[in-house]
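# Secondary and tertiary structure notes
So you can see what is in the structure, the chains are spelled out below.
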Amino acid sequence: MADGIFFWGPVTSKEWCEPNYVQSSYIAEFFNTISNIPCILLALIGLVNALRQRFEKRFSVLHISNIILALGSMTYHATLRQMQQQGDETPMVWEMLLYIYILYSPDWHYRSTMPTFLFLYGALFAIVHSQLRFGIGFKVHYALLCLLCAPRAYKYYIHTEDTLAKRLAKLYVATLLIGAACWLCDRVFCKQIQCWYFNPQGHAVWHVLMGFNSYFANTFLMYCRAQQREWNPKIKHLFGLFPYVKIQKPKTQ
């Protein structure tokens, strides 16, 4: 950055409560960018576990979608350009459509209709979103997709007896609520925060918590699906910290 000229050009997207190009001349919002790294690392742990134990491909795709979402968020916050913001928001919708499929497909009698409809919906949204600049409409749309997942996720929770598996669901809710509070405070009280000596970087904290949030959600869903397939799932911990699902498939599978 020199003479007020930004490395990525003028800001054309939504800005957050972090001064631009302070920590680096090449990254607009430094902390909001690097805070996506935990999401990528956690998704890689989940992906390796899904591949190593030969879970259904939907879970590998789910972990990969978390990585794509985090990379999209990184490019958005690093550049603060409109196209990169859409590259962050579109994968958010795709990921929620994938969650809807994983949650509801086991009881869906017409197996080909759901993935076909969700694929076409996601493709249509990507096309429309590339041409139109959504504001509050995107947030409402995304919130509705999240709410569609809630009833089924709660049903899985109440039918889960394993204490460690239920803890995953509780951690999912806890990280979601705390992260949402950080996101909201960063957005609503930005003017006051900018006057503080120390910026708590609420949006960056949201990214970190959402990385764990996605990991807890994915692991819980893998456990529930393994139960449906009668794979005798158990919750284990990598390095004593990161929960994962250990399964034992019948020899016929």
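Every residue gets a number counted from 1 within its own chain, in the order that chain's sequence is written. Local features in a predicted model are, by the rule used here, given only for residues with pLDDT of at least 70; side-chain atom pairs are given and counted only at 80 or more, and totals for whole chains, interfaces and linings are based on all residues. The basis for every side-chain value is the complete set of non-hydrogen atoms in the structure, without hydrogens or water.

### Quick word on the pattern of salt bridges
Under the convention used in this document: Salt bridges are counted wherever a side-chain nitrogen of Lys or Arg sits within 4 Å of a carboxyl oxygen of Asp or Glu. Each helix corresponds to a stretch of at least 4 residues labelled H or I by DSSP, and each strand to a stretch of at least 2 residues labelled E; elements are numbered beginning at the N terminus. For each residue, the accessible area found with a 1.4 Å probe, counting protein chains only, is set against the maximum for its type, and the residue is called buried under 20%, exposed over 50%, and partly exposed in between.
Inspection of the entire model under this criterion finds three salt bridges. Between Glu56 and Arg225 there is a salt bridge whose closest N-O contact spans 2.7 Å. You can see Glu56 sitting in the loop between α2 (37-52) and α3 (57-79) and its partner Arg225 sitting in helix α9 (residues 202-228), a full 169 residues away along the chain. Pair check on accessibility: Glu56 and Arg225 agree, each one buried. Two residues, Glu56 and Arg229, come together in a salt bridge whose shortest N-O distance is 3.0 Å. Of this pair, Glu56 sits in the loop between α2 and α3 while Arg229 sits in the loop between α9 and β1 (234-238), and the two are 173 residues apart along the sequence.

### Focus: the nonpolar core
To be explicit about the condition: Note on terminology: a nonpolar core comprises buried Ala, Val, Leu, Ile, Met, Phe, Trp, Tyr and Cys residues joined through side-chain atoms within 4.5 Å. Note on contacts: a residue pair qualifies if any of its non-hydrogen atoms lie within 4.5 Å across the two residues.
Membership of the largest hydrophobic core comes to 38 residues, with the highest contact counts inside it found for Phe55, Phe59, Tyr99, Leu221 and Val245. Breaking this core down by element, the ones donating at least two residues are α2, α3, α4 (82-104), α5 (113-131), α6 (136-158), α7 (163-188) and α9. Setting aside chain neighbours within four positions, we find Phe59 in contact with Ala50, Ile102, Leu221, Met222 and Arg225.

### Digging into α2
For clarity, the threshold we go by: Expected span of a helix: the number of residues minus one, times 1.5 Å.
For α2, spanning 16 residues, the distance from its first C-alpha to its last is 23 Å, which sits close to the expected 22 Å at 1.5 Å a residue. Residues of α2 that are buried include every one of Cys39, Ile40, Leu42, Ala43, Gly46, Leu47, Asn49 and Ala50, and no others. Next to the buried residues of α2 lie α3, α9 and β2 (242-246).

### Topic: the pairing of β2
This is how the line gets drawn: Here the rule is simple: two strands pair whenever DSSP picks up at least two bridges between them.
The alternating pattern of β2 places Pro243 and Val245 on a buried face, while none of Phe242, Tyr244 and Lys246, on the opposite face, is buried. Between β1 and β2, which pair antiparallel and follow one another directly, the connecting turn spans three residues, one of which, Phe239, has a positive phi of 60°.

### Structural notes on the packing of α3 against α4
What counts, and what does not: Geometry is summarised by axes, namely lines fitted to C-alpha atoms with helices restricted to the contacting stretch, and by angles between N-to-C directions that run from 0 to 180 degrees. With respect to orientation, any angle under 35 degrees is reported as roughly parallel, any angle over 145 as roughly antiparallel, any angle of 65 to 115 as roughly perpendicular, and every other angle as oblique. Note on convention: the crossing is left-handed when the near helix lies turned anticlockwise from the far helix by less than a right angle, right-handed when the turn is clockwise. Under the scheme applied, nonpolar residues are Ala, Val, Leu, Ile, Met, Phe, Trp, Tyr, Cys and Pro; charged residues are Asp, Glu, Lys and Arg; polar residues are all the others, including Gly.
Here α3 crosses α4 at 160°, and the two axes come no closer than 8 Å. The orientation of α3 relative to α4 falls into the category roughly antiparallel. Here the hand of the crossing between α3 and α4 comes out left-handed. Of the residues assigned to the contact of α3 with α4, the class counts are 12 nonpolar, nine polar and three charged.

### Some remarks on the UniProt feature "transmembrane region" (unreviewed entry) in the protein
To be explicit about the condition: UniProt positions are given in the numbering used here, feature names are shortened, and annotations may be inferred rather than shown by experiment.
As recorded in UniProt, the feature "transmembrane region" (unreviewed entry) lies at residues 30-48, 60-80, 117-134, 169-189 and 204-224. Taken end to end, residues 117-134 is 83% helix and 0% strand, and its first and last C-alpha atoms sit 22 Å apart. In the segment residues 169-189, helix accounts for 95% and strand for 0%; the C-alpha atoms at its two ends are 30 Å apart.

### Section: unusual backbone geometry
Although it is not a glycine, Tyr21 sits at a positive phi angle of roughly 55°. Mapping Tyr21 onto the fold places it in the segment before α1 (30-34). The phi dihedral of Gln201 is positive, around 55°, even though this residue is not glycine. Secondary-structure assignment places Gln201 in the loop between α8 (190-193) and α9. Look at Gln201 and you get buried, because its relative accessible area is 12%.

### Here's the deal with the packing of α3 against α9
Packing of α3 against α9 leaves a shortest axis separation of 11 Å and a crossing angle of 175°. As summarised for this structure, α3 and α9 are arranged roughly antiparallel, according to the angle between their axes. Listed contacts from α9 to Arg58, Phe59, Leu62, His63, Asn66, Ser73 and His77 of α3 are His203, His207, Ser214, Asn218, Leu221, Met222 and Arg225. Classifying every residue of the contact of α3 with α9 gives four nonpolar, eight polar and two charged.

### Quick look at the side chain of Arg225
Assessed through its relative accessible area of 15%, Arg225 is described here as buried. Contact partners of Arg225, with chain neighbours within four places excluded, come to Glu56, Arg58, Phe59 and Pro106.

### With respect to the state of the cysteines
Here a disulfide denotes a covalent bond joining the sulfur atom of one cysteine to the sulfur atom of another. Here is the rule we go by: When the sulfur atoms of two cysteines come within 2.5 Å, that pair is taken as a disulfide.
Scanning all chains against the criterion turns up one disulfide. The closest cysteine sulfur to the non-disulfide-bonded Cys39 is located on Cys146, 14 Å from its own sulfur. Cys39 gets classed as buried once you look at its relative accessible area, which sits at 9%. Cysteine Cys182 remains unbridged, with the sulfur of Cys185 as its closest cysteine sulfur at 6.9 Å.

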